[in-house]
Amino acid sequence: MWVILPITAWLLTGSVMDIRKRRVPIWLLLAGGIFSAATVILQCMAGGKEFADVLQGMLPGTGLLIVAFVTKKAGYGDGIALLCLGTVLGGGRSILLFGLSLFLISIFSLTVLVTRKAGRNTGIPYFPFLTGAWLIVAASVSI
């Protein structure tokens, strides 16, 4: 429960930077990675989290990083952020987070396409939708 507020602040900061500059600074991703790693270590030491669950939680972020590397259509920062969140959330919740963020961005994309505010090749920052999905997932489960 104590991790929700700092991660939310981290995601909001990253969202603002992603919207304004279409980039998330490395120092911000590094800060999120350090906080996530410390959180997971503390949770594992307290017996509240299994290492296998942490590895399962890393799968969506790893998958997004592979997609970013192969297609150059996704940002590495998005994959790193999803990787950090997945370690904290664990397997099932990280897949829920990823699916929900993709659902939110698809609704937005469909809306801007239908209203002709953007074209098929318009880039859309992913961090704000990841933040929205985080708020929904974090509000529904205790971490």
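Our structure's up above, just so we're on the same page.
Residues numbered from 1 in each chain as written. Predicted model: local features only at pLDDT ≥ 70, side-chain atom pairs only at ≥ 80, totals over all residues. Heavy atoms only, no water.

> So what exactly am I meant to see when it comes to the overall build of the protein chain here?
From N to C terminus, the protein chain includes 7 helices and 0 strands. For the C-alpha atoms alone, the extent of the protein chain along its principal axes is close to 50 × 30 × 25 Å. When the 143 residues of the protein chain are sorted by exposure, 38% land in the buried category. Put simply, 71% of the contacts in the protein chain that link residues at least 6 apart link residues at least 24 apart. When the accessible surface of the protein chain is split by element, carbon and sulfur atoms take 71% of a total near 8,300 Å². Separation between the mean location of the 11 positive side-chain charges and that of the 4 negative ones in the protein chain comes to 17 Å. (Helix = DSSP H or I, 4+ residues; strand = E, 2+ residues; numbered from the N terminus. Buried < 20%, exposed > 50% of the residue type's maximum accessible area, 1.4 Å probe, protein only. Contact = heavy atoms within 4.5 Å. Areas by Shrake-Rupley, 256 points an atom, 1.4 Å probe, with all protein chains shown as cover. Lys, Arg positive; Asp, Glu negative; His and termini not counted. Charge placed at Lys NZ, Arg CZ, Asp CG, Glu CD.)

> Just to check I follow, could you spell out the environment of Gly79 for this structure?
Mapped onto the elements, Gly79 comes out in helix H5 (residues 76–89). Residue classification places Gly79 among the buried positions, given a relative accessible area of 0%. Considered as a pair, Gly79 and Gly61 are 18 residues apart in the sequence and their alpha carbons are 4.7 Å apart. Apart from the residues within four sequence positions on either side, Gly79 is in contact with Gly61, Leu64 and Leu65.

> Could you clarify how one ought to interpret the side chain of Asp18 in this entry?
Structurally, the position occupied by Asp18 is in helix H1 (residues 4–21). It turns out Asp18 is buried and unbridged, and the closest side chain with the opposite charge, Arg22, is 6.2 Å from it. Among the polar contacts made by the side chain of Asp18, one reaches the main-chain amide nitrogen of Phe127 at a distance of 3.2 Å. (Salt bridge = Lys/Arg side-chain N within 4 Å of Asp/Glu carboxyl O. Polar contact = N/O pair within 3.5 Å; in protein donor to acceptor, adjacent residues only side chain to side chain.)

> Can you help me understand the environment of Ser101 in this one?
Along the chain, Ser101 turns up in helix H6 (residues 91–114). The spatial distance from the C-alpha of Ser101 to the C-alpha of Lys73 is 16 Å, given a sequence separation of 28 residues.

> When you look at the packing of H1 against H5 in this model, what are you seeing that I'm missing?
When two helices pack together, their arrangement is captured by the angle between the axes and the distance separating the axes. At a minimum axis separation of 12 Å, H1 and H5 run at an interaxial angle of 170 degrees. Considering their axes alone, H1 and H5 lie roughly antiparallel with respect to each other. On H5, the residues that touch Ile7, Trp10, Leu11 and Asp18 of H1 are Asp78, Ala81, Cys84, Leu85 and Val88. Looking at the contact of H1 with H5, its residues break down into 7 nonpolar, no polar and 2 charged. (Axes fitted to C-alpha atoms, helices over the stretch in contact; angles between N-to-C directions. Parallel < 35°, antiparallel > 145°, perpendicular 65-115°, else oblique. Nonpolar A, V, L, I, M, F, W, Y, C, P; charged D, E, K, R; others polar.)

> Would you take a moment to explain the nonpolar core for this structure?
Among the nonpolar cores identified, the biggest contains 26 residues, and Ile7, Trp10, Leu11, Leu85, Leu97, Leu130 and Trp134 are the most heavily contacted of them. Within the residue set of this core, elements represented by two or more residues are H1, helix H2 (26–45), H5, H6 and helix H7 (127–140). In this structure Ile7 touches Phe35, Leu85, Val88 and Trp134, once residues within four positions along its chain are discounted. (Core = buried A, V, L, I, M, F, W, Y, C linked by side-chain atoms within 4.5 Å.)

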